[in-house]
Amino acid sequence: MKVSRLWIVVAAFLTAGVAGRVAAFPVNSDQTVLPAGTELDEDALSKPREVFHSEALRGRKSYLVNLGNLAFSSPSILGGVARQAGVSCSTCHVNGTGNGKLYIPKMSTRPGNFDTTGPLFNPKADNQALDPARIPSLRGARFLAPYGNDGRMASLRDFVRNVIVNEFAGPEPTPTTLDSIVAYINDIDFLPNPNLGPAGRLTPVAMEGERRGEALFMKPFPHDPQMSCGTCHVPSAAFVDHRQHDVGSGGLFKTPTLMNADFNAPYFHDGRYDTYEQVVAHFDRVFGLGYSDQDRHDLADYLTAIGNGMRPYEFEGTPTTLKEVNDFGLVLGAAIAANDKHVVALAVDTIGNELRELTEFYPDRRDTSVSGGDNERALTRQALKEQVLTLRRIDMAVAAGRLADAAADYKAYRDLMVVAVPTLMNNAEQWSLFTKKVHDAHYGALRQTMLARRAGQ
């Protein structure tokens, strides 16, 4: 589950004097350091599907990859503002992809871009200019060096460190933390695309217009016969050339991949374009390609074909949510056995946050937008809260050197996560925020409350 830990005060969902966590959506409260109007798309019921190379090869991810995923999901590795806001790497890169709906006033000019040199998260990095970059997908990152929209860093490890320390004012990460995040990112594969065959060429299933678009893609430009779309977006090399180019967008920027790009909008380094048609029109204009209306349509169809991917999204329900939490639990178990206090603390904090947020997917009986299932919701909430308490005991036991106690508590935690917790969640799911009808009613009431509060200010 990739949701940020944002405190939002909404009167209809609070008991007297007690603030509760809810799955955040448009942020509008004095209880968060993020500007009012921030949108993180955290109320989405479907999430991008994440495909791991190691699972395809061996059927499981390594400890290092799971640790990297855990750190990637943890606000605690970043600076104070990000931690207070509950922002982690996964806030911008949901399941390793870009977040095309993320919008932070004064840090974004449109949904899907973000100013990494703005004042909010690290004032020392502020360059006094609003120059946001598109939030990229990390699928296939191991094939896509150099890193950054401008390709300024050859090393992914250096790039990750720069994001943590310089862009988000985080503490110097341990070598293991850096290695694990790099391992996690490098393990994220492209989604399979049945439209692409060997060397990145279209397969026989392609439509006639897509084939015409492929021919245009490889056709030399009128002003330079040595140049075509395909000389930069090399089909046999994940549609990149690992170089920077000036394409008339305001500077030198690296060639982005076109793999799975159907799900990577907005486009260009600053996210200025929403569609392939706009992208094609830009190149036609800047490079004087002389395309006809049919040419532009065919080329957009080709880009759509090569940018496709199988099952790009998956429903956010009990199985997908618990899979990641349980992967994080494996990291915790290994860290207890190794008496690794740092990783234990990181795992307890991250898993605890995930479970607290998961609790709010089963609304309290005082939430009048949900009817029915009071007992099922209450039992699920209680079980998840007790798991959070168990995690805290584990952390305290490891810190005190009581490894046997920590191991016993961890076994109890794991046993409940295997059968009892999934059963309770399944029993309560029809009254949970995983159910669209309940989800829409809950967030509809929340929006009305926010509007009423705003009107009363």
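What counts and what doesn't
Residues numbered from 1 in each chain as written. Predicted model: local features only at pLDDT ≥ 70, side-chain atom pairs only at ≥ 80, totals over all residues. Heavy atoms only, no water. Helix = DSSP H or I, 4+ residues; strand = E, 2+ residues; numbered from the N terminus. Rg over C-alpha atoms; globule rule 2.2 N^0.38 Å. Buried < 20%, exposed > 50% of the residue type's maximum accessible area, 1.4 Å probe, protein only. Areas by Shrake-Rupley, 256 points an atom, 1.4 Å probe, with all protein chains shown as cover. Lys, Arg positive; Asp, Glu negative; His and termini not counted. Charge placed at Lys NZ, Arg CZ, Asp CG, Glu CD. Polar contact = N/O pair within 3.5 Å; in protein donor to acceptor, adjacent residues only side chain to side chain. Phe/Tyr/Trp six-rings, centres within 6.5 Å; stacked < 30°, edge-to-face > 60°. Lys NZ or Arg CZ within 6 Å of the ring centre and 35° of its normal. Expected span 1.5 Å × (residues − 1). Contact = heavy atoms within 4.5 Å. Salt bridge = Lys/Arg side-chain N within 4 Å of Asp/Glu carboxyl O. pLDDT = per-residue confidence, 0-100. Core = buried A, V, L, I, M, F, W, Y, C linked by side-chain atoms within 4.5 Å.

**A word on the overall build of the protein**
Reasoning step 1: Looking only at helices and strands, the protein features 15 helices and 6 strands.
Reasoning step 2: Its C-alpha radius of gyration of 23 Å places the protein within 12% of the 23 Å reference for a compact globule of 457 residues.
Reasoning step 3: In terms of principal-axis extent, the alpha carbons of the protein reach across some 70 × 55 × 50 Å.
Reasoning step 4: Relative to its 457 residues, the protein shows a buried fraction of 53%.
Reasoning step 5: With the model as given, the accessible surface of the protein reaches about 19,700 Å², and the carbon-plus-sulfur share is 57%.
Reasoning step 6: Both charge centroids of the protein, one from 47 positive and one from 52 negative side chains, sit 3 Å from each other.

**Re the side chain of Glu 324**
Reasoning step 1: With respect to the helices and strands, Glu 324 occurs in helix H11 (residues 318-337).
Reasoning step 2: Using a relative accessible area of 10% as the deciding quantity, one classes Glu 324 as buried.
Reasoning step 3: Among the polar contacts made by the side chain of Glu 324, one reaches the side chain of Asn 69 at a distance of 3.3 Å.

**Thoughts on the packing of aromatic side chains**
Reasoning step 1: Under the criterion given, the structure shown has 17 aromatic pairs.
Reasoning step 2: With centroids separated by 6.3 Å and ring planes inclined at 65°, the aromatic side chains of Phe 217 and Phe 239 adopt a geometry described as edge-to-face. Highlighted residues: Phe 217 in helix H7 (residues 208-218) and Phe 239 in the loop between helix H8 (229-232) and strand E4 (244-245), separated in sequence by 22 residues. Residues Phe 217 and Phe 239 agree in their burial class; the two are buried.
Reasoning step 3: Among the aromatic residues, those joined into a cluster by ring pairs are Phe 221, Phe 268, Tyr 273, Phe 283 and Phe 287.
Reasoning step 4: The cationic tip of Lys 61 hangs over the ring face of Phe 52; the distance from NZ or CZ to the ring centre is 4.7 Å.

**Brief notes about helix H12 (residues 341-359)**
Reasoning step 1: With 19 residues, H12 should cover 27 Å at 1.5 Å per step; its first-to-last C-alpha distance of 26 Å lies within 8% of that length.
Reasoning step 2: Within H12, 14 of the 19 residues are buried, which leaves it mostly tucked inside the rest of the structure.

**Let's talk about the environment of Arg 243**
Reasoning step 1: Positionally, Arg 243 belongs in the loop between H8 and E4.
Reasoning step 2: Residues Arg 243 and Leu 433, spaced 190 residues apart in sequence, show a C-alpha to C-alpha distance of 45 Å.
Reasoning step 3: The residues touching Arg 243, leaving out its near neighbours within four places in the chain, are Phe 253, Lys 254 and Thr 255.

**Re the pattern of salt bridges**
Reasoning step 1: Under the criterion given, the structure shown has 24 salt bridges.
Reasoning step 2: Among the salt bridges present, the one from Arg 161 reaches Glu 172, with a minimum N-O distance of 2.7 Å. With Arg 161 in helix H5 (residues 156-167) and Glu 172 in the loop between H5 and helix H6 (175-187), this pair connects stretches of sequence that are 11 residues apart.
Reasoning step 3: Within the structure, one salt-bridge network assembled from shared partners comprises Glu 55, Lys 61, Lys 323 and Asp 327.

**A few points about the confidence of the model for the protein**
Reasoning step 1: Predicted confidence across the protein gives a mean pLDDT of 91, with 93% of residues reaching 70 or more.
Reasoning step 2: When the criterion is pLDDT under 50, residues 1-28 qualifies, and its contacts beyond four places in sequence or with other chains add up to 107 contacts.

**Looking at the nonpolar core**
Reasoning step 1: Counting 77 residues, the largest nonpolar core has Phe 121, Ile 185, Leu 332, Ile 351, Leu 355, Leu 358 and Ile 394 as its most contacted members.
Reasoning step 2: Examining the composition of this core, we find that 8 residues originate from one element, H12, more than from any other.
Reasoning step 3: Core analysis: the next-biggest nonpolar cluster, separate from the first, contains 30 residues, Phe 217, Val 280, Leu 303 and Ile 306 among them.

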